[in-house]
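Structural features, examined
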Protein chains: 2
Amino acid sequence: MKLYVIGIGPGGADQMTPRALDAIRKSDIVAGYTVYMDLVRDYIGDKEILQTPMRQEIDRCVQARDAALRGKTVAMVCSGDAGVYGMAGLMHEVCAAYPELEIEVIPGITAACGGAAVLGAPLMHDFAVISLSDLLTPWETIAKRLDLAAQADFCICLYNPSSRKRADYLQKACDILLKSKAADTPCGTVRNIGRDGEQHAVCTLAQLRDTNVDMFTTVFIGNSQTRVIHGKLVTPRGYENK
Amino acid sequence: MKLYVIGIGPGGADQMTPRALDAIRKSDIVAGYTVYMDLVRDYIGDKEILQTPMRQEIDRCVQARDAALRGKTVAMVCSGDAGVYGMAGLMHEVCAAYPELEIEVIPGITAACGGAAVLGAPLMHDFAVISLSDLLTPWETIAKRLDLAAQADFCICLYNPSSRKRADYLQKACDILLKSKAADTPCGTVRNIGRDGEQHAVCTLAQLRDTNVDMFTTVFIGNSQTRVIHGKLVTPRGYENK
């Protein structure tokens, strides 16, 4: 009667915690989106697998819940952190009518932290995390959050910055940010964080506006203090002003 | 000539990544704030230790840098993630004049992710991370960010919500948030995340205003959609509306 919702981190086994690995080992059934399952294939062994394609999130959680109700221990695997655009929330919602089910969320390294480390230290001060996907959120809400986050001089990390149907969303987002942030604000992109083919780039906000990114990319936008030191993005905390 | 800046996660060895552990093993010298060093004592063995008290951040980074310049491999250990209110940024700043030094930032699980997992799933949608410490940041900047983050209906995670000298800062922060967020917005606190004596509580924003917290506590404030399911904080992503 136990459900683990597990963040496995960016990808490689070297960035998954022992706690996450241990929960997979303890489980009878492992569930998750196909791509993420491949990342932990070595640890699944001959366990039963519940595999569902992208965009079948509710089905995936319901199947996992129903298996747990049959007495199985189930691991729901998410990339990054289970609690940041992962399955932790939906699993709680889907299990709301079954208080007898114990749900344990196991955190992992989310793309904001994994990608920031690749770029240097862009999120050293207050920051906002915003998804540009309007599949589940009206664009007006996203636009308002971008606008206010820029006014607040937050460092900003963008998840889901683009997809085939939303090719111009990063451009639209940058246009909003440029109302309050300088065109030369240092920015960065990281693609395939912690996986084979990891790539990163540093640019200005004006350049970012005209950059093509895909759904495997996480985008970082500095605050007014962020600078580039030897190719790395660095947002000071303010020690040097003390 | 190599410096690792390592996030060791919330505390226990089971939430530190193999990559972090491997970097400590590869290092000749381990540096860090006393409390965090104790958390990794078992992995340090007989390596040289550079230990500095709290508030000596610049000295700590300079000592680590100088050791690296003498040809040593140095691990600078941070709790949580090295890139979120950690040492990654300051290390890059302190080493700016020494491009021959290679700095590798290794991410860890930050309190936003670790604490969210304890509470359920409060950060499932767009969120802002704000430190209430005004040691390095003017209170006016913090107040403005709180106000705009609340207007944007972000979920909010507060680091450093209190200290002996700043006993009323959480109250002041809640008063700002209450201008835009409902008094019954679900909130939560987690103390000693992932360590002995971990404690958590769920309350409303109005109740949070009158809660005493200490510097070992991380605070979570929901957005307008966040609700409590069997004692857990859950922010929906919106799947059920599709």
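Look up: the structure comes first, before these words.
Description of the structure in this document. (Residues numbered from 1 in each chain as written. Chains lettered and ligands numbered in written order. Predicted model: local features only at pLDDT ≥ 70, side-chain atom pairs only at ≥ 80, totals over all residues. Heavy atoms only, no water.)

1. Examining the overall build of chain A
Counting its secondary structure elements, chain A contains nine helices and 13 strands. Relative to the globule expectation of 18 Å for 242 residues, the C-alpha radius of gyration of chain A, 19 Å, shows essentially globular dimensions. Principal-axis analysis of the C-alpha atoms gives chain A an extent of 55 × 35 × 35 Å. Scored against the burial criterion, the 242 residues of chain A give a buried share of 60%. Excluding contacts between residues fewer than 6 apart, the proportion of contacts in chain A whose partners are at least 24 apart in sequence is 70%. (Helix = DSSP H or I, 4+ residues; strand = E, 2+ residues; numbered from the N terminus. Rg over C-alpha atoms; globule rule 2.2 N^0.38 Å. Buried < 20%, exposed > 50% of the residue type's maximum accessible area, 1.4 Å probe, protein only. Contact = heavy atoms within 4.5 Å.)

2. Re the sheet that holds strand β5 (residues 102-106) of chain A
Residues and elements named next belong to chain A. One open sheet accounts for five strands, arranged β3-β2-β4-β1-β5; its pairing is parallel. Of all the strands in the sheet, the pair left with one neighbour each is β3 (48-52) and β5. Shown here is a sheet whose adjacent strand axes are inclined to one another by a mean of 20°, direction ignored. The sheet contact formed by strand β1 (residues 2-7) and strand β4 (residues 73-78) spans six bridges and is parallel. Paired with Ile6 across the two strands is Val77, which belongs to β4. (Pairing = 2+ DSSP bridges. Axes fitted to C-alpha atoms, helices over the stretch in contact; angles between N-to-C directions.)

3. Re the state of the cysteines
Taken as a whole and assessed by the stated rule, the structure comprises zero disulfides over all chains. Between Cys61 of chain A, a free cysteine, and Cys95 of chain A, which holds the nearest cysteine sulfur, the sulfur-to-sulfur gap is 7.6 Å. Considering cysteine sulfurs only, Cys187 of chain B is the nearest to Cys174 of chain B, which forms no disulfide, with 6.7 Å between them. Residue Cys174 of chain B is classed as buried on the basis of its relative accessible area, which comes to 0%. (Disulfide = S-S within 2.5 Å.)

4. A closer look at the pattern of salt bridges
On inspection of all chains with the given rule, the structure shows 24 salt bridges over all chains. A salt bridge links Arg19 of chain B to Glu104 of chain B, with the shortest nitrogen-to-oxygen separation between them at 3.1 Å. Of this pair, Arg19 of chain B sits in helix α1 (residues 18-26) while Glu104 of chain B sits in strand β5 (residues 102-106), and the two are 85 residues apart along the sequence. For Glu104 of chain B, a relative accessible area of 23% puts it in the partly exposed group. Of the charged contacts in the structure, one is a salt bridge between Arg209 of chain B and Asp175 of chain B, with a shortest N-O distance of 2.5 Å. Residue Arg209 of chain B is located in helix α9 (residues 205-209), and its partner Asp175 of chain B is located in helix α8 (residues 169-177); the two are separated by 34 residues in the primary sequence. For Arg209 of chain B, a relative accessible area of 25% gives the class partly exposed. Owing to a relative accessible area of 34%, Asp175 of chain B belongs among the partly exposed residues under this scheme. Through salt bridges with shared partners, a single ionic network connects Lys2, Arg19, Glu102 and Glu104 of chain A. (Salt bridge = Lys/Arg side-chain N within 4 Å of Asp/Glu carboxyl O.)

5. Re empty space enclosed by the protein
In this structure the tally under the stated criterion is one cavity of 30 Å³ or more. Space inside the largest cavity adds up to approximately 40 Å³. Considering the residues around the largest cavity, the lining is formed by Val84, Thr110, Ala112, Cys113, Phe127, Val129 and Tyr159 of chain A together with Thr110, Ala112, Cys113 and Phe127 of chain B. Every element with two or more residues in the lining of the largest cavity is listed here: α6 (111-119) and β7 (127-131) of chain A together with α6 (111-119) of chain B. When grouped by side-chain class, the residues that make up the lining of the largest cavity number nine nonpolar, two polar and no charged. (1 Å grid on protein atoms, 1.4 Å probe; cavity = no way out; pocket = protein on both sides within 12 Å on 5 of 7 lines; lining within 4 Å. Points joined across faces, edges and corners; volume = space filled by probe spheres on them. Nonpolar A, V, L, I, M, F, W, Y, C, P; charged D, E, K, R; others polar.)

6. What about the interface of chain A and chain B?
Residue-level contacts link 68 residues of chain A with 68 residues of chain B. With both chains or domains summed, chain A and chain B bury close to 6000 Å², and 61% of this area falls on carbon and sulfur atoms. Contact with chain B buries area across many residues of chain A, yet Leu136, Arg145 and Tyr239 of chain A alone supply 13% of it, more than any other trio. Summed over the shared surface of chain A and chain B, the number is six salt bridges. One can count 30 residue pairs in polar contact (both at pLDDT 80 or more) joining chain A with chain B. (Buried area = accessible area lost by both parts, 1.4 Å probe. Polar contact = N/O pair within 3.5 Å; in protein donor to acceptor, adjacent residues only side chain to side chain.)

7. Remarks on the relation of the copies chain A and chain B
Expressed as a screw transformation, the operator carrying chain A onto chain B has a rotation angle of 180° and an axial translation of 0.0 Å, and the superposed copies differ by an RMSD of 0.0 Å. Taken together, these values place the two copies in the relation of a two-fold axis. Residue Ala128 of chain A, judged by its C-alpha, is the member of chain A lying nearest the rotation axis, at 2.1 Å. A high fraction, 100%, of the interface residues of chain A reappear at the interface in chain B, so the copies pair face to face through one surface. (Least-squares fit on C-alpha atoms with pLDDT ≥ 70 in both.)

8. Digging into the packing of helix α7 (residues 139-151) of chain A against helix α8 (residues 169-177) of chain A
Helix-helix packing is described using two parameters, namely the angle between the two axes and the distance between the axes. Residues and elements named next belong to chain A. It is the contact of α7 with α8, at a shortest axis distance of 8 Å, that shows an interaxial angle of 40°. With respect to their mutual orientation, α7 and α8 come out oblique. Where α7 crosses over α8, the two elements pack in a sense that is right-handed. Counted together, Trp139, Ala143, Leu146, Asp147 and Ala150 of α7 and Tyr169, Lys172, Ala173, Ile176 and Leu177 of α8 form the full contact between these two elements. (Parallel < 35°, antiparallel > 145°, perpendicular 65-115°, else oblique. Left-handed = near helix turned anticlockwise from the far one by under 90°.)

9. Some thoughts on the sheet that holds strand β6 (residues 120-121) of chain B
All names here are of chain B. With mixed pairing, three strands are arranged side by side in an open sheet as β6-β13-β12. Where the open sheet ends on each side, the last strands, each with one partner, are β6 and β12 (227-229). Where β6 lies against strand β13 (residues 232-234), two bridges are found, and the strand directions are parallel. Among the inter-strand pairings, Ala121 is bridged to a residue of β13, identified as Val234.

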